[in-house]
Structures are given as structure tokens and as C-alpha cells.
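Coordinate analysis (summary)
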Amino acid sequence: MNPGSDPRLLVIPQRLSGVKHIIPVMSSKGGVGKTLLSTLLALAGADKKLKVGLLDLDFTNPSTHIVLGIDPSSIQPVEEKGVIPPIIHGIKYMTLAMYTGENPTPLRGNAINDAFLEILAITRWGELDYLFIDTPPGLSDAQLNLLTYLPSRIEPLIVATPSPLAIISVEKLLRVLIEGKYRIIGLVENMSNNRKLLMIAQKYNIRYLGPIPYFKEIDNLIGNLEALRSSQFYGKIIDILEKIIYV
Amino acid sequence: MNPGSDPRLLVIPQRLSGVKHIIPVMSSKGGVGKTLLSTLLALAGADKKLKVGLLDLDFTNPSTHIVLGIDPSSIQPVEEKGVIPPIIHGIKYMTLAMYTGENPTPLRGNAINDAFLEILAITRWGELDYLFIDTPPGLSDAQLNLLTYLPSRIEPLIVATPSPLAIISVEKLLRVLIEGKYRIIGLVENMSNNRKLLMIAQKYNIRYLGPIPYFKEIDNLIGNLEALRSSQFYGKIIDILEKIIYV
Amino acid sequence: MVHEWALAEAIAEYVEQQAKGRPVKKLVISLGVLQSIDREILDFALKNILEDRNLRIGSIEYVDEEVVLRCKRCGYEWKPSMDEVDESVREAIHFVPEAVYSYFKCPRCGSRDFEIVSGRGISIKEMIFDESGK
Amino acid sequence: MVHEWALAEAIAEYVEQQAKGRPVKKLVISLGVLQSIDREILDFALKNILEDRNLRIGSIEYVDEEVVLRCKRCGYEWKPSMDEVDESVREAIHFVPEAVYSYFKCPRCGSRDFEIVSGRGISIKEMIFDESGK
Ligand SMILES: Nc1ncnc2c1ncn2[C@@H]1O[C@H](COP(=O)(O)OP(=O)(O)O)[C@@H](O)[C@H]1O
Ligand SMILES: Nc1ncnc2c1ncn2[C@@H]1O[C@H](COP(=O)(O)OP(=O)(O)O)[C@@H](O)[C@H]1O
Ligand SMILES: [Mg+2]
Ligand SMILES: [Mg+2]
Ligand SMILES: [Mg+2]
Ligand SMILES: [Mg+2]
Ligand code: NI
Ligand code: NI
Ligand SMILES: [Zn+2]
Ligand SMILES: [Zn+2]
């Protein structure tokens, strides 16, 4: 698509004009903590009285609502010259699951692209300090939409684990981001007690936002906001959020 | 695409005609063990003197070669009226990484579709007992290509972990597979000591292939075939392979 | 269903950019029936926005585009009737047409891997400028 | 580079299915320059396979399709010269044209999110049947 050839593309900058920072949480490797991180960063921001939004771009496997403990089909955006995201636990929240519920959402790349443009064209975020975006694994339409349509707006936050499978994968993503001159906010090392990825952060000259240890119990807390908030994991999330805020 | 409208589609059945079982290892959730499982099932099959193949369909994040401990740009298929996969540790092996090395491979859905058709149209697997396929997370072009172009050939093996995020995701995939009348080989519960997913297997009337516990050391063995072969994890893989073989 | 305003803004922006100051004689907008766009609301919104921007358009015409879906698995082509679709499903598809993949399946083989051949959503079909003067 | 045979088989199969017994007067095959298909090898393979299948074709014509890439990020369009590409890269792209995304970047903005507007690989451009008799 040529920039400018789809009318929806033209209103997206306006829709995001009140958003100070757009932070997609990215990693080509699955299961490294993107969803947990993006959702809890948004929650921690809201707890701090920041104006935050959360957008779930993992269209074929949306799961931020599971972390938030809500039934996605029970929430509704308000329609007012577009769509105003519902506020969940203080977060302006958008997910395709609001429309698809717990039904499967098999979407080929073209459909992912169309749904992305549609949602971004109709959603009125208003004023936000931070819009956190949960992204799917891989390096395909969902990620390329962000890199291609919002190149100067996004500030990706990268997550990886010290597994060789995740490291090789994250290095490829970093190469793409660096050659495209994107502003990378930093690298989070998840499920790790050592600082193995510090080397990677140094190699690519990006900020190391510290390790988050493996917390055995975390899966049992998913969906329970009070339990999540009082977890050690959440403490780590607050640390990372503060590093992001006070640059 | 209309069936029959792309010439490459017409030769794919022939290319796979000598393959007795095509087993894509699937799960919409990332990081649940698809890559480790598919690669080690192929290895265990080869160790058992079965004729096995391994195809990496995670084009944007190929990683089976990392588990196998090889430099993908050092291997080459033989050209003979097509492409004959190189044999690695007894496995006929195909991966896009043979051509792309460790460079990033950002592919939108259309490109994933084209690369899929191209690779399947040119690869001559010959006679195989089992072709294991590593698949990416999500439910998009890579998975739909298998479901759409090879509906009566594939016998998906499903993997999940007991995390609520993985369970909800696997249930959606199971719904799609069941409504499309695919033959599901079974469900593997990975990184688990309990049999939490037995319930899911029963609910959808599929075979439960047992839990694989969480083995803390496994990431240190990746790429080291001898160490992998003597691990407890490999023992579990052999158990699962035997359940698959002796139905 | 008043989110049409946001889409009208996109169209107005597009028309303005394409017109580059030339008056627009005629605009033909295609409405894919899948999205169940409210024509009156869209028209009202569009005219308001155009007026605010001082963009004069001779006439705006709307044409419905029929929904045609084609299964990629078995090749079956069908034309679902949106009137028979459950109200909540219609509304989901109204906001994001791709929600169709959560609710529709091929009537012949059960596959959700189908193509929207036509009738997805709003698109600009024709735009005729008055080249003679301003 | 003799994997062309496999692609020739695909073409032969396609022609046979489409012809449904009718003689084919003329076949025009488009060769996307990106894939660096060896025309002689393809032609040799195709003629062999057609003969084996008892398919007569009046004439086969090959036309090169120029490579045009368009950046989705900045809109820049360019025509890479495959002759100047490293041999090992050319070979990778020869087997799977999508390998291009691992090796090419937009010369203007560095993006790898570009479209192959034309010139990807083999396609059938024209097929003329002799409807008069068998
Ligand atoms: N620090 C951690 N300690 C323990 N488990 C974690 C940690 N971070 C993530 N997990 C678990 O790992 C799995 C994958 O996390 P998720 O956020 O869904 O990753 P992604 O979105 O990258 O696929 C989930 O089951 C999650 O609960
Ligand atoms: N049973 C297990 N015990 C411990 N770690 C595991 C186990 N299975 C997988 N892993 C680890 O989990 C991560 C994801 O595995 P992988 O096979 O890459 O998953 P996927 O292909 O589904 O994304 C890897 O770091 C892998 O080593
Ligand atoms: Mg996730
Ligand atoms: Mg709702
Ligand atoms: Mg994998
Ligand atoms: Mg090579
Ligand atoms: Ni509306
Ligand atoms: Ni060749
Ligand atoms: Zn069908
Ligand atoms: Zn560019």
C-alpha cells in the first residue's frame, strides 16, 4: 500500500496526537512475557495516576483481557464520533476480543492489516501519557504495521529471556529496528536471575532495563488484580515503569 | 486463492505422496515447546531408524536449526528435479533459514503464503514415515496454509502448558480443528507436573499424550545433541513418539 | 452505531488531499454491506465535516457493494444475508469487519479461511474533479 | 540451479488441467527476473514433461518480467538489478524468492517492509487453446 492510498491511514496520526508515548512491547519469540509485561505496565501506570491506554494487537490470540481478569464480551466502548475505549482498572483499553469474545479469530495477514487500520482509525484515545501495546510473536503483519505506519511515533520496549532460542530471535528484531532507525526504549530480561542479556543490550547500544526473575506462582495470579498487585513480579514492573518514566 | 488457481498447489500432493504421516506441532500460544517438541520428535524418530523429515514453517522466527545445533547457512539441499532436503542427524530437513541464514526474515502474510507454496512445490521428501512440522504461534497464514491446502493430509499434534493464557488459546485452536474435521493426533501438556490439561483433552475428545515436566536445565542443552539425547526431557519425547507410532 | 463519524473524517481527509484545491464535482462511495454502515449517519457526518473544512462537493452518491465470500479450502462461494445475522454479531462486524472470521464459516466445509471477495467496508469508488477552475 | 524441473512440473500439471483435452496453440510464460530462472533449463524440462504426458503445445514463449519493489513505509519504488547482487544471495532468492526480505532493504528509508510489485517468479501469462478440434 502506498502511504496515503487508504483513507484510514490519514486519520490515524490525529487519533494518536494526544498520546505522548506509544510503547509496543515486542519480541519475535513467543512466551517471553510480552502480554504480562504490557498489561501490568499499563496497570502500574494507572495506579500511579498516569493517563494510560492498553491496545491488544495480538489479534489471533488476544490475551490481555485474561491478565486483567475480565470477560471481553461484557465490555463496550462508548460511541462518540468514533469509539472511546472503555476504562478498565483505570486503563483505556482496546482489544478485538471486545467484538469477538472467546471465539477463534483466524486472520490472514491482509485481515490483520485491515483490522489494524480500522481499529486505529476509529479509536479516540484522547490525552494519554502512555499507550502500551501488546504485540504477537513473529515478525509479520502485526509488527510491520507498527513499524511502517507509525515509524516516528513508536518507542518499542523489547523483552527476551536468556534462552538461546529467544536471544537469536531478539537479535534479529533489534537489527530490523536499528537499521530502520527506531527509538528503542530498552530491553527487559524476563524469567532470569542473571544478567545474561546485558551483553546484548550493550552490543546494540540500548538500555538494559534489568532482569525479572522467574516467579513460579505467577500463573496462579493471572486475572486476579489484587494478587497481581501484591506480587513480587509487580514490584519489578513498577521498577521498570519508573525507569521508563524518568529517563 | 481458488484451489487449482496456483500451479504450485497442483504438485504439492505429489511431493508429499511418499509421506505416510504429516504431523504439524501446533499451538496458538508461543513459548509452549512447539520447536523443542517437533525437533526432538524428529530426532527420536531418526534414532529409532524411522524415515523422518522436519520442516520449519516458522518463517519469521525459524529456530529448529538452533535446537539441532547447526549453522543453517552451512547446509545445502541437493538439486535433482527439485530440491532434496539435506540429511541432518538422520533427519531430512528443510528450513527457510538454509537460504536466509541468520538474517531477519520479516514476511507479511502474502509472502508467508508464497514461500510456503514454493517450498512445498520444490521439495522432494521421497519416502517418509513421519514428517514433523514446526509451526509458529498465532492462527494466521502459516497455520491456515496447512489447514487449507493439506486438510486431509495433516494430523496435528497440539501442545500447551497449564497456564490460563495457553489453555484459552489452545481451546480456540481445538475448536477450529474440530469444526473443520481435522484428525488430531493428541494433546501434549508441557512444563507441567500435574495433569491439568487432561480435562481439556477429555472435553474435546482427543488423546492426552501426557505431561512433560519442567526441566530447568533444558535451555543449556539446546544445540548439544548428545546432551539432549541423554536428558530426561528426551525420555519423555520417546514416550510420546511411541504413543504416536503404536496407535 | 454512530462511529461512522470517524470513518467520514477519513474520507474527508482523503478527498481534501486528492483534490488539492480543485472543486469536486462528484464523489461515489461504495458501502460494503458486511459492515452495515448507516448511510444517513455517514452522509450527515461527511457533509458536516466537508462544510467545516470548506470543501464543496457537487454530489455524493452511495452504492451498496454486495457481500461475496469465497472459501479458500473448498472454493465454495456464498453471499451471506446480513439481515439474518444476529444483532450482536452484526454490531461486532460493524465496528471491525474482520470479526467476521469469528462468526462465519464456510457453509460447505466449515473452514474459516475464506476471502472477502467484495463488500467488506467503505471505499471511494469514484471522484470526479472540476478541472475548469476554482 | 536445476530445481526448475519441479516448477516445470507444476506448469505442466496446470496446463493439462486447464486444457481438458484441447490442444494448446500457444503458451506464454512470464519469468519474474527476481527468481533468476534459467530459461533454457525450464524450457527443456517443460518440453520433456509435456511430451511424457502426451500434451502437444503449438508454441511456448517466455517473457521477462522486470523487478519492481515498492517500500510500504516511505513509498519509494525501485528496480534492483539482479546482476549486481551477490551470487549466494541470488541463489537463495532463486530457490525461495521471499528470501529477498532477508537481503534487500529500501534504499531510501532502510525498511524491509516492501511490496514485490512485479517480477517475483514464474507465472502463466497466456494460454490459447485450439477450440476447433482435438
Ligand atoms: N517472570 C515470570 N515468571 C514466571 N512466569 C512468567 C514470567 N513472565 C511470564 N511468565 C509466564 O510465561 C508465559 C508467557 O507469558 P506471556 O506474557 O503470555 O508471553 P508472550 O505474550 O510473550 O507470549 C505465561 O504463562 C506467563 O504467566
Ligand atoms: N519441558 C520444558 N522444561 C523446561 N523448559 C522448556 C520445556 N519445554 C520448552 N522449554 C523452553 O521453553 C522455551 C520455549 O520453547 P519452544 O520450543 O521454543 O516453544 P515454541 O516453539 O512453542 O515457541 C524454550 O526456551 C525452551 O527451551
Ligand atoms: Mg502475548
Ligand atoms: Mg460487546
Ligand atoms: Mg517455536
Ligand atoms: Mg546455503
Ligand atoms: Ni457505527
Ligand atoms: Ni534452480
Ligand atoms: Zn469451504
Ligand atoms: Zn522506504
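Above this text you will find the structure in question.
Report on the accompanying structure.

1. Things to note about the site of ligand 2
- With respect to spatial proximity, 20 residues lie near ligand 2, and among them K29(A), G31(B), K34(B), T35(B) and D219(B) are the closest.
- The site occupied by ligand 2 is bordered by residues of chains A and B.
- Taking V32(B), its main chain carries an N or O atom lying 3.1 Å from an oxygen atom of ligand 2.
- Residue L36(B) places a main-chain N or O atom 2.9 Å away from an oxygen atom belonging to ligand 2.
- Considering ligand 2 on its own, with 560 Å² of exposed area, one finds that the protein chains cover 94% of that surface.

2. Points about the interface of chain B and chain A
- The partner chain A presents 40 residues to the 40 residues of chain B that form the contact.
- Here chain B meets chain A over a buried area of about 3,500 Å², counting both sides, of which 55% is carbon and sulfur.
- When the buried surface of chain B facing chain A is broken down by residue, R108(B), L165(B) and K172(B) rank first, second and third, together holding 21% of it.
- For the interface between chain B and chain A, the tally reads 4 salt bridges.
- In this structure, the salt-bridge partner of E102(A) is K172(B), at a minimum N-O distance of 3.4 Å.
- Contributions of two or more residues to the side of chain B that touches chain A are made by α3 (64–68), α5 (109–122), α6 (141–149) and α7 (164–179) of chain B.
- Tallying contributions element by element places α7(B) first for the side of chain B that touches chain A, with 7 residues.
- Residues of the side of chain B that touches chain A, tallied by class, amount to 16 nonpolar, 17 polar and 7 charged.

3. A look at the relation of the copies chain B and chain A
- For the pair chain B and chain A, the superposition axis carries a translation of 0.0 Å, the fit reaches an RMSD of 0.0 Å, and the rotation angle comes to 180°. Here the transformation between the copies is reduced to the relation of a two-fold axis.
- Both copies contact each other with a shared surface, as 100% of the interface residues of chain B are interface residues in chain A too.

4. Remarks on the interface of chain B and chain D
- Every contact between the two is made by 31 residues of chain B and, on the other side, 28 residues of chain D.
- Interface of chain B and chain D: buried area, both sides summed, is about 2,500 Å²; carbon and sulfur atoms make up 62% of it.
- Summed over the shared surface of chain B and chain D, the result is 5 salt bridges.
- Close ionic contact of E118(B) with R120(D) constitutes a salt bridge, the shortest N to O distance being 3.0 Å.

5. So, the sheet that holds strand β2 (residues 57–65) of chain C
All names here are of chain C.
- Strand order in the open sheet formed by 3 strands is β2-β1-β6, and the pairing between neighbours is mixed. Edge positions in the sheet fall to β2 and β6 (122–129), since each of these pairs with one other strand and no more. Averaged over neighbouring strand pairs, the angle between their axes works out to 15° when direction is ignored.
- Bridge count for strand β1 (residues 24–32) against β6 is 7 bridges, and the pairing is antiparallel. Bridge pairing in β6 places V28 opposite E126.
- Packed on one face of the sheet, helix α1 (residues 4–19) meets β1, β2 and β6 and runs near 30° to β6.

6. Things to note about the sheet that holds strand β5 (residues 87–88) of chain A
Residue and element names in this part refer to chain A.
- Overall, mixed pairing links the 8 strands, which are arranged β5-β6-β2-β7-β1-β8-β9-β10 in an open sheet. Strands with a single pairing partner mark the edges of an open sheet, and in this sheet they are β5 and β10 (208–212).
- Pairing geometry for strand β2 (residues 52–56) and strand β7 (residues 128–134), over 5 bridges, is parallel. Paired with G53 across the strands is L131, a residue of β7.

7. Comments concerning the pairing of β2(C)
- For β1(C) and β2(C), the ladder comprises 8 bridges, and the chain directions are parallel. Note that in β2(C) the partner of V28(C) across the bridge is E61(C).

8. Quick look at the pairing of β7(A)
Residue and element names in this part refer to chain A.
- Burial runs high along β7: 7 of the 7 residues are buried.
- Looking at chain direction, strand β1 (residues 19–26) and β7 are connected through 6 bridges and run parallel. Bridge pairing in β7 places H21 opposite Y130.

9. Quick word on the packing of helix α1 (residues 7–15) of chain B against α5(B)
Residues and elements named next belong to chain B.
- Look at α1 against α5: their axes get within 8 Å of each other, and the N-to-C directions meet at 45°. Relative to α5, the element α1 is oriented oblique. Every pair of crossing elements has a handedness; the one defined by α1 and α5 is left-handed. Every residue of α5 that contacts α1 at R8, L9, V11, I12 and R15 is listed here: D114, L117, E118, L120, A121 and I122.

10. What to know about the coordination of the zinc ion (ligand 9)
Residues and elements named next belong to chain C.
- Every protein donor of the zinc ion (ligand 9) is listed here as C71 (SG), C74 (SG), C106 (SG) and C109 (SG), and their distances to the metal cover 2.3 to 2.4 Å.
- Geometry at the zinc ion (ligand 9) is tetrahedral, judged from its 4 donor atoms and the angles of 102 to 116° they form at the metal.
- Here the donor residues of the zinc ion (ligand 9) are spaced in sequence according to C-x2-C-x31-C-x2-C. Taken as a pair, C71 in strand β3 (residues 68–71) and C109 in the loop between α4 (100–103) and β5 (114–118) lie far apart in primary sequence, 38 residues in all.

Reading the values: rules and limits
Residues numbered from 1 in each chain as written. Chains lettered and ligands numbered in written order. Predicted model: local features only at pLDDT ≥ 70, side-chain atom pairs only at ≥ 80, totals over all residues. Heavy atoms only, no water. Near = heavy atom within 4 Å. Polar contact = N/O pair within 3.5 Å; in protein donor to acceptor, adjacent residues only side chain to side chain. Areas by Shrake-Rupley, 256 points an atom, 1.4 Å probe, with all protein chains shown as cover. Contact = heavy atoms within 4.5 Å. Buried area = accessible area lost by both parts, 1.4 Å probe. Salt bridge = Lys/Arg side-chain N within 4 Å of Asp/Glu carboxyl O. Helix = DSSP H or I, 4+ residues; strand = E, 2+ residues; numbered from the N terminus. Nonpolar A, V, L, I, M, F, W, Y, C, P; charged D, E, K, R; others polar. Least-squares fit on C-alpha atoms with pLDDT ≥ 70 in both. Pairing = 2+ DSSP bridges. Axes fitted to C-alpha atoms, helices over the stretch in contact; angles between N-to-C directions. Buried < 20%, exposed > 50% of the residue type's maximum accessible area, 1.4 Å probe, protein only. Parallel < 35°, antiparallel > 145°, perpendicular 65-115°, else oblique. Left-handed = near helix turned anticlockwise from the far one by under 90°. Donors = N, O, S within 2.8 Å, 3.2 Å for Na, K, Ca; no water. Tetrahedral: all angles 85-135°; square planar, octahedral: opposite > 155°, others 65-115°.

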